[in-house]
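Overview (structure and organization)
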Amino acid sequence: MKLQYVLVALMSLPMSGCLFMVQKSAVVQSKESYDSSSQARIRLYGPYGDRLIKHHNDRTCAQWRETAGAKLHHRVNNGLPRKIRNITAGIPSTERSVRASNDTGTMFRDSFKEYVVDADKPLTLDASSSIVLDNYSKSCRIAVNFVPEPGKNYEAAYVEQNRTCTIKITEITDQLSEKKLALTEPVKKVESCSLPWDKSI
């Protein structure tokens, strides 16, 4: 009888993991204070709650290369079911943030974290991704820099295309879509901090 109970418990583990992963990611309010006269906010996307993009306040490209740029920062996701939390600092919702909040994917799930950053000071965004399989491997490292404006909200996401990687930064505008979601537009003044061979896949 004990053996039967043990077998039933073991058989229920994969099912419980699947049920766990089909739930939407939790949304948690950040405890960071925000002053729109001297600060901005940015939403950084990454898979499975992973901090794929790191941000470095008040740091130019040159300063990033001398410090964080010399280190590997990417944490490998082991793919095991776990609770995923989207962290919000009050940035208006966009189409992508709503999709991420409703995402219940098991093979891939979009997620985000929002941060309060200094305005009128250089902000460096640093992303690194790598995949290593038996007969296949790829890696890419990219960093970009821009100066956030006071009271503005931004989004940033890591993008791979045409055997290169980049970080796409958009400003969240005051205009709303038909779905009453904030519209975005590309940030024009963005400096690349990476060397040419760093962003090749």
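Everything here concerns the structure above.
Quick look at the overall build of the chain now. Regarding its fold elements, the chain presents 3 helices and 11 strands. Beginning at the N terminus, the succession of helices and strands in the chain can be written as α-β-β-β-α-β-α-β-β-β-β-β-β-β. Counting over 201 residues, the chain shows a buried share of 40%. Partitioning the intrachain contacts of the chain with sequence separation of at least 6 by distance along the chain shows that 73% fall at a separation of at least 24. Accessible area for the chain stands at about 12,500 Å²; split by element, carbon and sulfur atoms hold 54% of it.

What follows deals with the environment of Arg96. Note that Arg96 resides in helix α3 (residues 95-102). Along the backbone, Arg96 and Leu181 are 85 residues apart, and their C-alpha atoms lie at a distance of 9.7 Å. Here Arg96 is in contact with Tyr45, Asp110 and Ala157, once residues within four sequence places are set aside.

The tally for this structure, following the rule as stated, stands at 2 aromatic pairs. An angle of 70° between the planes, with centres 5.1 Å apart, marks the rings of Phe146 and Tyr154 as edge-to-face. Summarising the burial analysis for this pair, Phe146 and Tyr154 share the class buried.

Calculation criteria
Residues numbered from 1 in each chain as written. Predicted model: local features only at pLDDT ≥ 70, side-chain atom pairs only at ≥ 80, totals over all residues. Heavy atoms only, no water. Helix = DSSP H or I, 4+ residues; strand = E, 2+ residues; numbered from the N terminus. Buried < 20%, exposed > 50% of the residue type's maximum accessible area, 1.4 Å probe, protein only. Contact = heavy atoms within 4.5 Å. Areas by Shrake-Rupley, 256 points an atom, 1.4 Å probe, with all protein chains shown as cover. Phe/Tyr/Trp six-rings, centres within 6.5 Å; stacked < 30°, edge-to-face > 60°.

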